[in-house]
Amino acid sequence: MIGLSISGGGAKIGFAIGVLEVMEEKGIKPNVVYGISAGSLCTAALCYENVQYLKKQMLSIRKRSDALVPKQFMAFITQIFGGKVDGLYGMSRMRKKLDAMSGENSKLLGVVGYVELMEGKIEYVKSTKVSKKDFLDAVQASCSIPFFMETLRFGKNDIRVDGGVIDVLPLKPIFKEIKDKKDEKNEIHVIGLSPLKISPSKDPIKRKIVDVTKRSIGILVNEIYKNDFELAKNVNKDIKKGISRSDKIFVPLYPYFPDCDICDGLDFRTETIEYGIKVGREKAEEVLKEYPSR
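Given the structure is predicted, the values throughout are model-derived calculations rather than measurements.

1. Description of the overall build of the protein
Part 1: A tally of helices and strands in the protein yields nine helices and ten strands.
Part 2: In terms of C-alpha radius of gyration, the protein reaches 19 Å, essentially the compact-globule figure of 19 Å for 294 residues.
Part 3: Expressed as lengths along the three principal axes of its C-alpha atoms, the size of the protein is roughly 60 × 40 × 35 Å.
Part 4: For the protein, the proportion of its 294 residues judged to be buried stands at 52%.
Part 5: Here the contacts in the protein between residues at least 6 apart in sequence split such that 76% fall between residues at least 24 apart.
Part 6: For the protein, the accessible surface area stands at approximately 14900 Å², while carbon and sulfur atoms represent 54% of it.

2. So, unusual backbone geometry
Part 1: If you check the backbone angles, Ser-37 has positive phi at about 55° while not being a glycine.
Part 2: The residue Ser-37 is located in the loop between β2 (32-36) and α2 (38-48) in this model.
Part 3: At Phe-147, a residue that is not glycine, the phi angle is positive and equals roughly 80°.
Part 4: Tracing the backbone through its elements, the reader meets Phe-147 in the loop between α6 (132-142) and β7 (152-154).
Part 5: The partly exposed category is assigned to Phe-147, whose relative accessible area is 37%.

3. Examining the packing of aromatic side chains
Part 1: Taken as a whole, this structure holds five aromatic pairs when the rule is applied.
Part 2: In this arrangement the basic side chain of Lys-132 is found over the ring face of Tyr-48, its NZ or CZ atom lying 5.5 Å from the centre.

4. With respect to the nonpolar core
Part 1: Judged by nonpolar contacts, the single largest core of 64 residues is most densely connected at Ile-191 and Tyr-256.
Part 2: Val-111, Ile-188, Val-251 and Phe-257 belong to the second-largest nonpolar core, a separate cluster that totals 19 residues.

5. Quick word on the pattern of salt bridges
Charged atoms that come close allow side chains of opposite charge to pair.
Part 1: All chains considered together, the criterion is met by 20 salt bridges.
Part 2: The residue Asp-66 makes a salt bridge to Lys-63 at a minimum N-O spacing of 3.2 Å.
Part 3: A salt bridge links Asp-99 to Arg-95; its shortest N-O distance comes to 3.0 Å. With a gap of four residues between them, Asp-99 and Arg-95 both fall in helix α5 (residues 92-99), about one helical turn apart.
Part 4: For Arg-95, a relative accessible area of 12% gives the class buried.

6. Digging into the environment of Arg-95
Part 1: It is 29 Å that separates the C-alpha atoms of Arg-95 and Lys-208, two residues lying 113 residues apart in sequence.
Part 2: When near neighbours in sequence (up to four residues on either side) are disregarded, Arg-95 contacts Lys-133, Leu-136, Asp-137 and Gln-140.
Part 3: A distance of 2.9 Å separates the side chain of Arg-95 from the side chain of Asp-137, its partner in a polar contact.

7. As for a nonpolar patch on the surface
Part 1: On the surface, Phe-76, Ile-80 and Phe-81 cluster together into a nonpolar patch covering about 380 Å² of accessible area.
Part 2: Note that Ile-80 resides in helix α4 (residues 72-81).

8. Some words on the packing of helix α3 (residues 51-59) against helix α9 (residues 270-287)
Part 1: Interhelical geometry of α3 versus α9 gives an angle of 145° and a closest axis separation of 9 Å. Packed against α3, whose contacting residues are Lys-55, Met-58 and Leu-59, the element α9 presents Thr-270, Ile-273, Glu-274 and Ile-277 at the interface.
Part 2: Class assignment for the residues of the contact of α3 with α9 results in four nonpolar, one polar and two charged.

The rules we used
Residues numbered from 1 in each chain as written. Predicted model: local features only at pLDDT ≥ 70, side-chain atom pairs only at ≥ 80, totals over all residues. Heavy atoms only, no water. Helix = DSSP H or I, 4+ residues; strand = E, 2+ residues; numbered from the N terminus. Rg over C-alpha atoms; globule rule 2.2 N^0.38 Å. Buried < 20%, exposed > 50% of the residue type's maximum accessible area, 1.4 Å probe, protein only. Contact = heavy atoms within 4.5 Å. Areas by Shrake-Rupley, 256 points an atom, 1.4 Å probe, with all protein chains shown as cover. Phe/Tyr/Trp six-rings, centres within 6.5 Å; stacked < 30°, edge-to-face > 60°. Lys NZ or Arg CZ within 6 Å of the ring centre and 35° of its normal. Core = buried A, V, L, I, M, F, W, Y, C linked by side-chain atoms within 4.5 Å. Salt bridge = Lys/Arg side-chain N within 4 Å of Asp/Glu carboxyl O. Polar contact = N/O pair within 3.5 Å; in protein donor to acceptor, adjacent residues only side chain to side chain. Patch = residues over 30% accessible without salt bridge, like charges linked within 9 Å, V, L, I, M, F, W, Y side chains within 5 Å. Axes fitted to C-alpha atoms, helices over the stretch in contact; angles between N-to-C directions. Nonpolar A, V, L, I, M, F, W, Y, C, P; charged D, E, K, R; others polar.

The following block contains the structure:
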């Protein structure tokens with residue numbers, strides 16, 4: 001079984017598109033895809049369309065407002081007088097791009113995660129278990145970065161936000177998924193949209209709430225992300241050495257991480273996406289240089 005785990009990263013999604021293109025060209029077809037946040041957009045495209053559809057949609061974005069609806073003023077008003085806007089941006093324009101996907105039935109097992117805010121726990125939704133609309137609701141929720149994006153709400157008690165709050169790189173659940181399938185040959189391709197080591201900020205961090213928040217979240221997410229990947233590698237090392245891990249199995253990992261930060265996570269410009277695709281393709285060619293032919 002071929003598994004694919006794709007992290008969050010916002011506008012850094014171009015990197016994932018580049019990796020996925022090369023994987024497709026080499027005939028690597030995943031059976032199961034787990035995605036969080038931006039990774040959930042990739043998952044939806046693989047379930048209901050294809051990589052080229054995702055690429056076309058992302059390259060059609062010329063500026064941030066083509067994908068996200070600015071709501072800063074209404075968010076400010078809501079904090080003072082009350083209202084319904086609880087994020088700086090709305091996702092209705094991105095959702096239209098998702099709803100335009102032609103497939104009705106999922107072509108593979110796609111799984112995306114969002115956090116149920118009231119319960120404080122992550123929910124993983126499988127494309128083969130729910131309707132397309134419900135799955136795309138989960139994708140939208142998975143992308144809803146707190147403070148930046150509006151939450152997805154159903155009534156008073158069902159409030160959904162970005163799955164990356166708990167699981168930015170969904171490796172643990174995909175390991176379990178593959179273990180439960182009990183196939184003889186397994187592998188997991190891990191696409192991370194940020195480097196494993198946080199890069200120093202190139203520009204001074206201004207005295208703006210948004211700038212400080214973005215940098216702080218980036219550092220926090222990177223630490224969680226790095227720890228999850230290192231844990232997966234260490235499990236494989238232990239099993240290879242003969243150390244008993246009865247609840248785990250050895251699964252070859254193919255990691256794709258950029259060597260440095262590609263862009264700001266909200267920088268949805270065409271040139272940014274194109275650059276991410278280029279870097280993703282280069283990294284995939286490097287990782288798959290000696291990949292066994294199929």
